[in-house]
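Fold and geometry: a report
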Amino acid sequence: MRTRRLSLLGSCLLSMYSGQALLAQNTLNYTSPDTYYRSGIEFIEKKNYASARQEFQRFLDTNKGLLASNDLNAVNAEYYIAMSALYLNQPEAEILSERFVKNHGDHPAAKQLYADLGNYYYNNGDYARAIPYLEKASGMEATFKLGMAQYYTQNYPAALTSLDVVKQSSTEFATAASYYAGVIRFKNEDYAGAVLDFRRIENSKEFGNEAPGWIAHSYYRQRQYDSLISYAEPILRKGNKSGKKLDDLSLLTADVYFQKGNYAKASEYYKMHTNFRGGKLPAPAAYRYGYSLYRQNDFNGAINTFKPLAANRDTLGQYSSYYMGISYLNTDNLQYSLAALDQARRLNFNKSVQEDAAFNHAKVQLDLGNGNESVKEFDQFIQTYPNSAYLNESKELRGEGLLLSNNYALILDYLDKERNLSPKQRNQYQQAAYNIGINAYNAEQFDRSIVAFDKSLKYNDNRDLAVAARFWKAEATSAQQKYAEVIPLYTQLIASSEQSRIVPDYKIRSRYGLGYAYYNTREYDKASTQFKAYTDAVRGLPSADRSNYEDAMIRLADTYLVAKRYDEATKIYDQVAVTGKSDKDNALYNKGISLLYTDKYAEARTTLNQLLNQYPNSPYVDDAIFQLGMVELNQQNYQGAVAQFTKLIKQQPQSPILHAAYLQRAIAYSNMKRYDEAIADYQVILSKYAASKSAESALIGVQDALNSAGRPEEFSTIIKGYEQSNPNGESLEKVKYEAAKNLYFGEKYAQAIEAFQSYIQQYPKSASTPEGVYYLADSYFRTEDRMNALRYYYQVIRENKTQFVNRAAQRAAELEYQNENYRAAANNYQTLLRTSSNKKDQVAGQLGLMETYFKGNKLDSSLVYAKEVINGGNAVLGAQNRAQLFAGKIALAKGDSKKAIEEFEKTAKLAKDSYGAEAIYNVAQILYKEKKCKESRDKIINELKEQYTDQLWIDRGFLLLSDVYVCLNEAFQAKALLNTIIEGAENKEVVEEARKKLAALGNK
């Protein structure tokens, strides 16, 4: 029950009426009713209102009928009864009070009772019923409560009138009246008046902490920003010592500075506000805070501020996502930027932001190396925003995306349709055509590569590309053995005065190519000049920049050999044999030949035997044995010659010079008068090698041997057999054979198979049949009939009668490898090594053995051949990279992850090709498995994505990156990345794997 204090008027009445009762008591003898009245007064003084009411009621009941209606004590008793009921909060208090006012409106206690009734309803929150009584009451307290009752019933004009009266007083209610008057004026948008009211009380204890916020808000609403800052900043500088409520004040000050574009000050006060609010900001203010940090290049701070807002699908969420994406972009966190911009471009609350986000999202895809995805997004952007300010840039960047996705033909088609290409687009045209040319060159499609290089030269904005295109056009022409055409091309490059950083390098490389062109056209003097210029130019360069140095030195020595400058040739061969890395066997062989030419037989014998001892698997073994035989033959040591040629025939049964070995052994036998053995060798040549260069000599030799042996009659039989396999003139056999070849080279393989089968059956002993068997095998291969292809490839290898033995061995090896018959594959690759005389085929054999042994889990053997390729130079484009990659794979298969990483890093340094991309992927995977997730993430993002264009390994890298993000507790980024893969990747397996990973993440 509430306790009420008597009003000042009630106390006066009590004193007055108590005095009158005392006087009456002194002059009269009290009657019993007077005793009740006096007792009631005493209880009132003691604030015992319940007892007082009883006594006054007894007084009235006892004197009922005796008291006049205007009897002073009776009126007072009624007043005290009503007042006691009020103080006791009794239900009938209101009725008693209203009855008293009605019956005694002119009595002095009536006004007091109005106030008491007003207070009663006011204190009970019934402001509407309090107002009529408070209006009739007097005093500042009643006026103040009247004003507040009017305020609470939203009668603001009346409330303001009442409060304005009170605020001018010196009573205790003046401060509160001024405060609420200010509030009303603020609501009425009378901000100037509100400022006056609040300034009046800004130092009061009760409202002083609230007033600054209202004053600041009033200045803000009037756009008096300078006044707001001047007022607020001194208070804010004092901090909590000011005793003011600073949260709203700091927020308004921050907003003012934000609108003024003073982002440093804005962020200072936004930060202050977060401190007052326990680190929290209202969403709009949080956005402005984040934007202020963004404008100050505090991108990490901006990201942290935008992040909670970006998750909302509203206008602020869209803006926050956009600027968070740009902030991530500025911190080189492209993957996170992609996820944020994706959110912004999917929301359509602000079309301008959506457009900017879509454009930047496509750009980030490009920066991440997602060529296909960027092209799709730029296409969509161009279609959706045909009038965008970014339209031209989008077209240019679309071209870059096409380049990145290796879709070079599409970019040429696209740019051929465009008018007035920009410099950037012309450069893209050059690059696309150049890349088509390089790819065609690597695939040995030289005609196609030349056409592409010519297209690239349509523009020459990029001087480096123009020079490179001219060089590789020359290389493609040289590969076609069109030496008359290529010589001017190389000559122009060497004489070029182009201002390009790569011209010096291509000038040097052109000398090497020109040297070979002259060498192959037998212009050895000119070839010698070019090889000398090349070797002089690259001699001091790092090994990576002189991969052809040893080969050029040997060719230079060869030209000296032709020019009979034997000592100079020998000196060079000896130098390569001693210091060279890859062509030592070749150098030893040629050194031996040079010594033979100068009749230094002992030294030649020593050198050739050195080759056989040090390099028993060299492709020059059969030639070396043959030359040792020739040494003995020239020195008339026929027995020694027979021994060497026999050794060659037995140990090198696949050698392409067996026909020559048989011929020279036959000559040695004849000189030893062992005619039967000589005749047998001649007959081998005429039956097995009838199409060889030795056949004609064998005819002459066998005739002489038969005559010497007394068996001349046998010659006619031999000559008939030879004529059968080598018919003269344009016979039907030759016509059929050429027709079958035409079908093969016309890529009509099904018809070619039928034609070659018919020819081989009809002419089984023809000199062209062994070659026809190879073409038959290759036709089966190209129609994907593996079984028949292998059957005939093996026949070519077994018969060893054609120059295609090495090709047949390589094809058979590849097919057996695909059939997972690794032992047979290895045997065929070994055959390829034995039968090949050129560097390219040798490297192919080494690579094949490397991969085959790896698949067969013969890791040490695989490593042997990997090292041979690595140390052998880059005679085949990309061979070193591939071998280096396998060195890493071998180490990994052995469980040596440290060594594997070392080898993979070497691969990445060699070239930015698919092998390098796979190597970086493998490093990232090792790091992930070792729980080095940050290092794995950086490897994928900073190296795989930044430095490589191979889309398959980039896609696989992204799949791995999603796992890495989960490891880093970044499930949001993992999901965003997987969604990007699902939307943009073209490889179905990659997309399916991404779907599985996304489903597995679930609600993480």
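Keep in mind the model is a prediction, meaning the values are calculated, not measured.

About the thresholds
Residues numbered from 1 in each chain as written. Predicted model: local features only at pLDDT ≥ 70, side-chain atom pairs only at ≥ 80, totals over all residues. Heavy atoms only, no water. Axes fitted to C-alpha atoms, helices over the stretch in contact; angles between N-to-C directions. Helix = DSSP H or I, 4+ residues; strand = E, 2+ residues; numbered from the N terminus. Parallel < 35°, antiparallel > 145°, perpendicular 65-115°, else oblique. Left-handed = near helix turned anticlockwise from the far one by under 90°. Contact = heavy atoms within 4.5 Å. Nonpolar A, V, L, I, M, F, W, Y, C, P; charged D, E, K, R; others polar. Disulfide = S-S within 2.5 Å. Phe/Tyr/Trp six-rings, centres within 6.5 Å; stacked < 30°, edge-to-face > 60°. Buried < 20%, exposed > 50% of the residue type's maximum accessible area, 1.4 Å probe, protein only. Core = buried A, V, L, I, M, F, W, Y, C linked by side-chain atoms within 4.5 Å. Expected span 1.5 Å × (residues − 1).

**Describing the packing of helix H37 (residues 675–688) against helix H38 (residues 694–709)**
At their nearest, the axes of H37 and H38 sit 9 Å apart, and the two run at 150° to each other. As the angle between them shows, H37 and H38 are arranged roughly antiparallel. For the pair H37 and H38, the sense of crossing is left-handed. Residues Tyr-675, Ile-679, Tyr-682, Ile-685 and Leu-686 of H37 form the contact with H38, whose participating residues are Ser-694, Ala-695, Ala-698, Leu-699, Gly-701, Val-702, Ala-705, Leu-706, Ser-708 and Ala-709. Residues of the contact of H37 with H38, tallied by class, amount to 12 nonpolar, three polar and no charged.

**Notes on the state of the cysteines**
Applying the stated criterion to the full structure yields one disulfide. Through a disulfide, Cys-933 is tied to Cys-967; the S-S separation comes to 1.8 Å. Taking the torsion about the sulfur-sulfur bond, which here is approximately 85°, the covalent link between Cys-933 and Cys-967 counts as right-handed. Pair noted here: Cys-933 is in helix H51 (residues 933–947) and Cys-967 is in helix H52 (residues 951–967), with a separation of 34 residues, a long-range link.

**A word on unusual backbone geometry**
Apart from glycine, the bulk of residues carry a negative phi angle, and the bulk of peptide bonds sit in the trans form. Of note, the phi angle at Asp-599 is positive, near 60°, even though the residue is not glycine. In this structure, Lys-673 is a non-glycine residue whose phi angle is positive, near 65°. For Lys-673, the position within the fold is in the loop between helix H36 (658–671) and H37.

**Quick look at the packing of aromatic side chains**
Tallied over the entire structure, the rule returns 78 aromatic pairs. Ring centres of Tyr-328 and Tyr-336 lie 5.4 Å apart, and the angle between their planes is 90°; on these two criteria the pair is classed as edge-to-face. Under the relative-accessibility criterion, Tyr-328 is labelled buried at 6%. Through a chain of ring-to-ring contacts, the aromatic side chains of Tyr-122, Tyr-127, Tyr-151, Tyr-152, Tyr-156, Tyr-179, Tyr-180, Phe-186, Tyr-191, Phe-198, Phe-207 and Trp-214 assemble into a single cluster.

**Describing the nonpolar core**
Within the largest apolar cluster, 143 residues are counted, with the highest numbers of intra-cluster contacts made by Phe-56 and Ile-981. Ranked by residue count, the leading element in this core is helix H4 (residues 72–87), at 11 residues. When sequence neighbours within four positions are dropped, the list of residues in contact with Ile-981 reads Phe-958, Leu-959, Val-990, Val-991 and Ala-994. Listed in part, the 95 residues of the second largest apolar core include Ile-657, Tyr-662, Ile-679 and Ala-695.

**A look at the packing of helix H24 (residues 423–442) against helix H25 (residues 446–456)**
It is the contact of H24 with H25, at a shortest axis distance of 7 Å, that shows an interaxial angle of 165°. Overall, the two elements H24 and H25 adopt an arrangement that is roughly antiparallel. Crossing of H24 against H25: the hand is left-handed. Contact residues: Tyr-429, Gln-430, Ala-433, Tyr-434, Ile-436, Gly-437, Ile-438, Ala-440 and Tyr-441 in H24; Phe-446, Arg-448, Ser-449, Ala-452, Phe-453, Lys-455 and Ser-456 in H25. Residues of the contact of H24 with H25, tallied by class, amount to 10 nonpolar, four polar and two charged.

**So, helix H35 (residues 638–651)**
With 14 residues, H35 extends 20 Å between its outermost C-alpha atoms, agreeing within 8% with the 20 Å of an ideal straight helix rising 1.5 Å per residue. Residues of H35 that are buried: Gly-640, Ala-641, Val-642, Gln-644, Phe-645, Thr-646, Leu-648 and Ile-649. On its buried face, H35 is in contact with helix H34 (621–634) and H36.

In short, geometric facts, not functional conclusions.
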